[in-house]
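# Chains, contacts and geometry: an overview
Residue-level listing of the chains:
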Amino acid sequence: MSRTILVAVAWPYASGSRHLGHLAGAYLPSDIFARYHRMIGSRVLMVSGSDVHGTPITVRADQEGVSPQEIVDRYHAEFVSNWDDLNMQWDLFTTTGTENHHAVTQDVFMRLYEKGHIDKRSSEQFYDPEAQRFLPDRYVEGTCPHCGYKDARGDQCDNCGRTLDPIDLIEPRSKLSGATPELRTTEHFYLRLTDFEEQLGEWLRGRKGWRKHVLNFSLGWIEEGLQDRAITRDIDWGVDIPVDGLGPGKKIYVWFDAVIGYLSAAKEWAASQGTPEAWRDWWENPEAEHYYFIGKDNVPFHAIIWPAMLMGYGGLELPTDVPANQYVTFKGGKASSSRGIGLTIPEALAAYEPDALRYAMAANLPEQSDTEISEEEIARRINEELVATWGNLVNRVLSMTAKNFDGAVPDPGPLAAEDESLLATIDETLVTSAQQLERVELRAALRTAMEGAQAVNAYLNALEPWKTAKTDIERTATTLSVAIDAIEGLTVAFSPYMPVTSAAARQMLGAPEIDGWTRRGVEPATPLGQIAPLFAKVETATD
RNA sequence: GGCGGCGUAGCUCAGUUGGUAAGAGCGCUCGACUCAUAAUCGAGAGGUCGGCAGUUCAAGUCUGCCCGCCGCUACCA
């Protein structure tokens, strides 16, 4: 029976270009996983979209003298273009700016409110009289009361690392205008996370196969005790609060609405298909599996807050797994486009072919620990592994076949033990890589596929078809035919990672489109396609 | 400060519930081959598994302390 899979992908924040850390953290793994599931016949719904609300976007808009919508439109267009270049296969990539999303967010808010999981409280916040705006903690700067550092942020001092309360800053000033902020009382709605503490703990302790950094981190939050959390902000850019009582100038907090995007996007997708109820197959179906692809900084939102919201709402499915990735680091530091650390996705796409970039990043996915990446590392992965082992394998086999057998797949004749053995190895490659993909061990599954390619190279070196071509054409036919069948099988394993070149390789082999996670081989006498190298080597900085 | 993760070969990383002489890829050395994008294949060198002390018949794997790196710390998203 075919499985029902929701591939939920972190919503990129439309405040600037995304970088390779984001690509490796969430987008590439989700696409690989979704493609695998489509190949084995699962019903996949892969959704995400641009996250368009929040203070940083309004600040940037002010700085540039444009509307927040202009900022959002610019980066949303860039993301869509990136995904297109990378051949990301979304079922829907929308934004949180749609009417549908606002309506679904308000529905979730109202339901939680009516069930008593949201209440109203007041607190004191810094307000910038010049910018006429309440300031998030990190937009208040001043002198650290602990170490005297002059440019401490309101949430944390970058010098001594201590967590701060902006009220404790000496000589506080607004990061926006430099003005001295004043304290004002403000009312907000709070999500009562404490209502779900026990239920969340029980649920989390029952999770199997979750990465330990995800599970331990989440359980740590539970053990420390959850805190109720404000879910509205003093801002005019966001989703309207669907109940009266707070007065103007307040919106729903961007993070509360962003996670709801997984649900609203499913509804938008269903409506766009002309089957408006179809979202229920994923969200109200206990058999459905939900996988959330995010970076580790988002673990609390996906393993604590969003599940709590779902529990409170009732009748919707909780995450099956949250395979959060760690960080990609450049020269030891976390990638950051705002600080210019590491390549942005547009920069990387300008430098590398999409499939080659996908290979290099997939081979370095930070699944267990932070992974150090450099342009040298990307070039090494492409030149020393991808081109040398896989690209060259396809090229050497096809070249020999074209030359010796009139550009068509030869008839293998009876197979010898070593022929059967190679094909068994490739079949095993597909079995093993599928198991690893199921566990979201994407790096390992790619490695497995490469080992399959090495096995074919070793087989060729052992049977030396370039020699037998002069002495035993039947043996040569067997060798090359078996190698072609093996390569056909490997294109299946590589396809989730490198869809374009895998399809190109199949065309060269004369193989039909992939049908299932299995080796099918190529019929004898099938004419080969136009042969060309699958990948080009990249120049390295030192060349 | 608190919490979490990490610290394993020159580099990038794997090492399930503790158990045969510690692994992979790349790099390096030697050899084979020369069909192929000087690509491939084989062999080899290379590690006190951050440090110290424990538990155990047995620890990279468990416990404690220490050192270092990264992240989070609930109002960045």
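Report on the accompanying structure. It should be emphasised that the depicted structure is a prediction, and the values quoted were computed from it without experimental measurement. (Residues numbered from 1 in each chain as written. Chains lettered and ligands numbered in written order. Predicted model: local features only at pLDDT ≥ 70, side-chain atom pairs only at ≥ 80, totals over all residues. Heavy atoms only, no water.)

## Details of the environment of Met88
Here Met88 lies in the loop between α3 (68-86) and β3 (92-95). Measuring from C-alpha to C-alpha, the distance between Met88 and Pro499 comes to 9.6 Å, with 411 residues separating the pair along the chain. Apart from residues no more than four positions distant in its own chain, Met88 is found in contact with Tyr27, Ser30, Asp31, Met46, Trp83 and Arg358. (Helix = DSSP H or I, 4+ residues; strand = E, 2+ residues; numbered from the N terminus. Contact = heavy atoms within 4.5 Å.)

## Here's the deal with the layout of surface pockets
Estimated volume of the second largest pocket: approximately 390 Å³. Looking at the second largest pocket, it is lined by 18 residues, and the ones nearest its centre are Arg35, Ser495, Ala503, Glu513 and Ile514. Every element with two or more residues in the lining of the second largest pocket is listed here: α1 (20-39) and α17 (499-509). No other element matches α17, which puts 6 residues into the lining of the second largest pocket. Each residue belonging to the lining of the second largest pocket can be placed in one class, and the counts come to 7 nonpolar, 6 polar and 5 charged. (1 Å grid on protein atoms, 1.4 Å probe; cavity = no way out; pocket = protein on both sides within 12 Å on 5 of 7 lines; lining within 4 Å. Points joined across faces, edges and corners; volume = space filled by probe spheres on them. Nonpolar A, V, L, I, M, F, W, Y, C, P; charged D, E, K, R; others polar.)

## Some remarks on the environment of Phe405
Secondary-structure assignment places Phe405 in the loop between α12 (375-404) and α13 (417-438). Assessed through its relative accessible area of 16%, Phe405 is described here as buried. C-alpha of Phe405 to C-alpha of Gln273: the two residues are 132 residues apart in sequence and 48 Å apart in space. Leaving out residues up to four positions away in the same chain, Phe405 has contacts with Pro410, Ile473, Thr476, Ala477 and Leu480. (Buried < 20%, exposed > 50% of the residue type's maximum accessible area, 1.4 Å probe, protein only.)

## A look at empty space enclosed by the protein
Taken as a whole, this structure holds 1 cavity of 30 Å³ or more when the rule is applied. The computed volume of the largest cavity comes to approximately 60 Å³. Lining the largest cavity are Leu191, Arg229, Ile231, Tyr253, Trp255, Phe256, Val259, Phe301, Ile305 and Met309. Counting residues per element, the ones that place at least two in the lining of the largest cavity are α7 (254-272) and α9 (299-313). Among the residues forming the lining of the largest cavity, the class breakdown is 9 nonpolar, no polar and 1 charged.

## Quick notes on the sheet that holds strand β5 (residues 133-134)
What the 4 strands build is an open sheet, ordered β5-β4-β9-β10; its pairing is antiparallel. In this open sheet, the two strands that pair with only one neighbour each are β5 and β10 (229-230). The sheet contact formed by strand β4 (residues 118-128) and strand β9 (residues 182-191) spans 10 bridges and is antiparallel. What sits directly across from Ile118, in β9, is Leu191. (Pairing = 2+ DSSP bridges.)

## With respect to the packing of aromatic side chains
Aromatic rings considered in pairs are described by the distance between their centres and by the relative angle of their planes. Applying the stated criterion across every chain yields a total of 22 aromatic pairs. Between Phe33 and Tyr291, the aromatic rings sit 4.6 Å apart at their centres with planes inclined by 55°, giving tilted as the arrangement. Residue Phe33 is found in helix α1, and its partner Tyr291 is found in strand β13 (residues 289-293); the two are separated by 258 residues along the sequence. The ring of Tyr139 has Lys175 lying over it, and the distance from NZ or CZ to the ring centre is 5.5 Å. Above the plane of the ring of Trp279 lies Lys267, whose end atom (NZ or CZ) is 4.4 Å from the centre. (Phe/Tyr/Trp six-rings, centres within 6.5 Å; stacked < 30°, edge-to-face > 60°. Lys NZ or Arg CZ within 6 Å of the ring centre and 35° of its normal.)

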